[in-house]
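Structure assessment
The lines below spell out each chain.
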2 protein chains.
Amino acid sequence: MHFKLAFIGFGTVGQGLSEILLEKKEMLAKKYDLEFSIVAISDMIKGSVYDKKGLDMSKILEIVKTGNKLDKYPSDVKGLSSIETIKQTNADIIIEVTYTDVKTGEPALTHIKTAFQMGKHVISTNKGPVVKEVKKLLEIAKTNNVYYGFEGVVLAGTPVINLAEYTLAGNNIRGFKGILNGTTNYILTRMEEGMSYGDALKKAQELGYAEADPTGDVEGLDALGKVVILTNVVLDKKIGWKDVKRKGITEISVDDINQAKKEGKRWKLIGSAQIQSDGSVKAKVWPVKLPLSDPLAGVNEAINALTFFTDELGPVTIVGPGAGRRETGFSLLIDLININRKFSNSK
Amino acid sequence: MHFKLAFIGFGTVGQGLSEILLEKKEMLAKKYDLEFSIVAISDMIKGSVYDKKGLDMSKILEIVKTGNKLDKYPSDVKGLSSIETIKQTNADIIIEVTYTDVKTGEPALTHIKTAFQMGKHVISTNKGPVVKEVKKLLEIAKTNNVYYGFEGVVLAGTPVINLAEYTLAGNNIRGFKGILNGTTNYILTRMEEGMSYGDALKKAQELGYAEADPTGDVEGLDALGKVVILTNVVLDKKIGWKDVKRKGITEISVDDINQAKKEGKRWKLIGSAQIQSDGSVKAKVWPVKLPLSDPLAGVNEAINALTFFTDELGPVTIVGPGAGRRETGFSLLIDLININRKFSNSK
């Protein structure tokens with residue numbers, strides 16, 4: 001099937017996907033019968049271009065990488081706003097990769113709803129709309145017979161939503177637990193080797209894993225957001241930020257770690273949620289001393305991992321990379337392949 | 001979509017799937033819009049029944065479980081052979097779960113080809129045909145616009161083929177390594193705790209993990225079969241049994257294990273294959289001392305695990321249960337859901 005794509009936002013993730021699409025064009029056509037052209041890009045800072053016949057993406061990437069604005073690109077139509085791009089272009093898939101605002105979900109929320117009303121599919125790595133009202137968005141998408149793909153919003157490099165939806169299809173998933181934050185796992189790994197918390201944090205900051213203000217990671221807030229999203233999407237239970245008990249790793253000492261070692265255990269920051277017998281959900285982000293026999297105990301460095309508890313297969317764990325520019329871009333490709341599978345007529 | 005199913009063979013795996021289908025009927029209809037009736041069963045020993053309007057499976061399971069033959073069931077048509085069942089009934093999906101013969105692939109091979117010629121989908125846990133000529137079968141299926149699902153042939157409880165095909169779609173998979181045999185992993189886990197090889201094997205036999213003649217497991221033959229299948233199916237490279245270098249775990253001593261412990265490592269029997277730069281494949285089953293930082297090192301007991309090496313996401317590992325009656329039955333359900341996804345018209 002052939003799709004016409006439009007980017008709303010064109011930062012690192014959008015550029016990452018563009019590169020992957022350029023490199024894999026032939027493979028996607030051959031293996032998945034998936035063909036595409038990129039017809040429009042609208043970015044608040046870089047500007048906006050549209051060509052209904054498709055843009056030359058090598059040229060676009062060159063312009064953007066040399067720090068130029070998109071109006072250097074020779075197309076007839078320029079300067080469309082994001083909403084105009086969604087409404088007035090011939091794109092049938094909108095790639096929403098603007099900045100994230102988890103409080104309001106905007107402007108992504110409006111972009112996505114507008115696309116659905118126009119009968120256009122949306123793929124997005126934007127956490128905001130998913131946190132804000134994923135169930136409502138999925139309903140609107142269904143009503144309009146379009147697809148809403150957001151594989152990249154949790155564990156961008158490890159396709160856990162797809163795993164739950166496709167590979168574990170037919171199971172009832174009653175809960176999950178996981179290492180949802182690479183930065184804290186990196187810090188704990190260094191502490192296992194004897195480094196102090198402070199030194200390990202400094203090292204994580206040097207490597208770009210942790211921000212200058214590391215609160216979001218080390219206090220478990222980032223992991224908490226992922227617990228909320230996974231609970232809403234995979235467990236199909238509505239919970240909010242305040243429903244998750246939370247404790248970070250700042251109080252874990254090298255002594256605690258050595259003590260755990262003696263017991264044959266290892267500290268990990270675990271995000272988890274479990275459906276209770278009354279249908280409610282218990283969710284938390286908390287440091288846990290895992291026995292080494294737990295698949296999550298062996299997951300070190302800035303790696304992510306998630307165990308789903310299923311009725312048919314018992315615990316199933318996936319271990320994969322955390323978020324990166326290319327990995328997050330790639331998560332959008334997974335959604336694109338899903339749209340192609342779902343909306344191509346196989347018969 | 002509504003499917004009419006016929007079982008060719010009705011042993012533990014077929015019965016396992018039937019139970020799951022009965023229990024999950026409502027969920028499958030609601031969540032996947034997947035409806036079905038089981039119209040025919042043909043088993044060499046238990047006999048054969050057909051009712052174009054659908055059999056009462058609770059009654060069938062009751063008859064079989066009390067050791068009776070299927071002719072106790074009140075249907076008009078009885079005694080159809082497997083080929084007649086495939087050709088003459090109104091079934092549109094054939095569930096091939098007869099016994100496995102890896103040398104000839106028969107009788108499953110003939111069943112599957114006949115079904116394809118009749119324009120019927122096949123789902124099967126039968127290793128024989130996959131080992132024998134999976135690529136040819138996939139081609140015939142494609143020509144006839146039908147589906148050949150065989151998720152259950154490797155790591156029955158852990159849907160690795162589906163993972164490669166769907167969740168990791170868009171990646172080039174250049175190789176894999178895994179703990180493909182639960183029995184040997186169980187033995188190595190006990191030896192880690194100080195048990196001798198002989199005692200650990202005895203314990204595995206008591207628990208039903210290992211056969212009276214344990215050669216297939218401990219010499220790595222079972223794992224080798226899985227390496228061949230995964231190489232053919234996931235890496236898309238044709239190799240045979242003789243192309244895989246093999247060594248089992250019988251020579252590993254408690255001393256070796258203690259030595260590895262001192263080095264911060266753990267012995268595992270690893271099945272692996274890697275596409276080389278000249279396009280050839282290096283495949284083997286061999287005991288490997290893994291560093292504890294490897295996700296596979298933490299996989300203990302009779303659990304299976306597989307790491308795929310991908311171009312976009314790097315190594316991605318899945319950890320899940322080994323084969324069991326219910327798990328293997330369930331693998332057929334995954335294939336069934338895939339057929340429903342692929343052949344339902346979403347628009």
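Secondary structure summary: chain A contains 12 helices and 13 strands in total. Its C-alpha radius of gyration of 21 Å places chain A within 12% of the 20 Å reference for a compact globule of 347 residues. Summarising its shape, the C-alpha atoms of chain A cover approximately 70 × 45 × 40 Å along the three principal directions. A total of 347 residues make up chain A; the buried ones form 53% of that total.

Further remarks concern unusual backbone geometry. All names here are of chain A. In this model, Glu106 is joined to Pro107 through a cis peptide bond whose omega is 0°. Tracing the backbone shows Pro107 in the loop between β5 (93-96) and α4 (108-117). At Glu301, a residue that is not glycine, the phi angle is positive and equals roughly 60°. Relative to the helices and strands, Glu301 is located in the loop between β11 (281-291) and β12 (303-310).

Attention now goes to the interface of chain B and chain A. Taken together, the contacts link 38 residues of chain B with 38 residues of chain A. Those elements that place two or more of their residues in the side of chain B that touches chain A are α6 (160-167), β13 (314-321) and α12 (325-343) of chain B. The dominant element in the side of chain B that touches chain A, judged by the number of residues it contributes, is α12 of chain B, at eight residues. Class assignment for the residues of the side of chain B that touches chain A results in 18 nonpolar, 14 polar and six charged.

Turning our eyes to something else, we now look at the relation of the copies chain B and chain A. Under the fitted operation, chain B is carried onto chain A by 0.0 Å of movement along the axis and a turn of 180°, and the coordinates agree to an RMSD of 0.0 Å. Between the two chains, the operation in question is that of a two-fold axis. For chain B, the smallest separation between a C-alpha atom and the rotation axis is recorded for Ile318 of chain B, amounting to 2.2 Å. A shared binding surface is used by both copies, with 100% of the interface residues of chain B retained as interface residues in chain A.

Another aspect to go through is the sheet that holds strand β7 (residues 148-149) of chain A. Residue and element names in this part refer to chain A. Taken together, the seven strands give an open sheet; going across it, the order is β4-β3-β2-β1-β5-β6-β7, and neighbouring strands pair in mixed fashion. Edge positions in the sheet fall to β4 (77-78) and β7, since each has one partner strand and no second. Pairing geometry for strand β2 (residues 35-43) and strand β3 (residues 47-50), over four bridges, is antiparallel. Opposite Asp43, over in β3, you have Gly47 as the bridge partner.

Residue and element names in this part refer to chain A. According to the domain assignment, chain A contains domain 1 (2-155 + 326-343) and domain 2 (164-322). Each of domain 1 and domain 2 has a C-alpha centre, and these two points are 30 Å apart. Domain 1 puts 10 residues into the contact, and the matching count from domain 2 is 12 residues. Among the elements that take part in the side of domain 1 that touches domain 2, helix α5 (residues 127-143) stands out by supplying five residues, more than any other. Class assignment of the residues belonging to the side of domain 1 that touches domain 2 gives a composition of seven nonpolar, no polar and three charged.

Spatially, 12 strands are ordered β9(A)-β11(A)-β10(A)-β8(A)-β12(A)-β13(A)-β13(B)-β12(B)-β8(B)-β10(B)-β11(B)-β9(B) in an open sheet, and the strand pairing comes out mixed. Looking along the sheet, the strands with just one partner apiece sit at the ends: β9 (244-246) of chain A together with β9 (244-246) of chain B. Taken over all neighbouring pairs, the strand axes of this sheet differ in orientation by 20° on average, direction set aside. Across the sheet, helix α10 (residues 221-233) of chain A is in contact with β8 (173-179), β9, β10 (265-275) and β11 of chain A; its angle to β10 of chain A comes to roughly 35°. This element, helix α11 (residues 254-262) of chain B, spans β10 (265-275) and β11 (281-291) of chain B of the sheet and lies at about 85° to β10 of chain B.

Cut-offs and rules
- Residues numbered from 1 in each chain as written.
- Chains lettered and ligands numbered in written order.
- Predicted model: local features only at pLDDT ≥ 70, side-chain atom pairs only at ≥ 80, totals over all residues.
- Helix = DSSP H or I, 4+ residues; strand = E, 2+ residues; numbered from the N terminus.
- Rg over C-alpha atoms; globule rule 2.2 N^0.38 Å.
- Buried ≥ 20, exposed ≤ 12 C-beta atoms within 10 Å, placed from the backbone.
- Contact = placed C-beta atoms within 7 Å.
- Nonpolar A, V, L, I, M, F, W, Y, C, P; charged D, E, K, R; others polar.
- Least-squares fit on C-alpha atoms with pLDDT ≥ 70 in both.
- Pairing = 2+ DSSP bridges.
- Domains from an automatic or database assignment.
- Axes fitted to C-alpha atoms, helices over the stretch in contact; angles between N-to-C directions.

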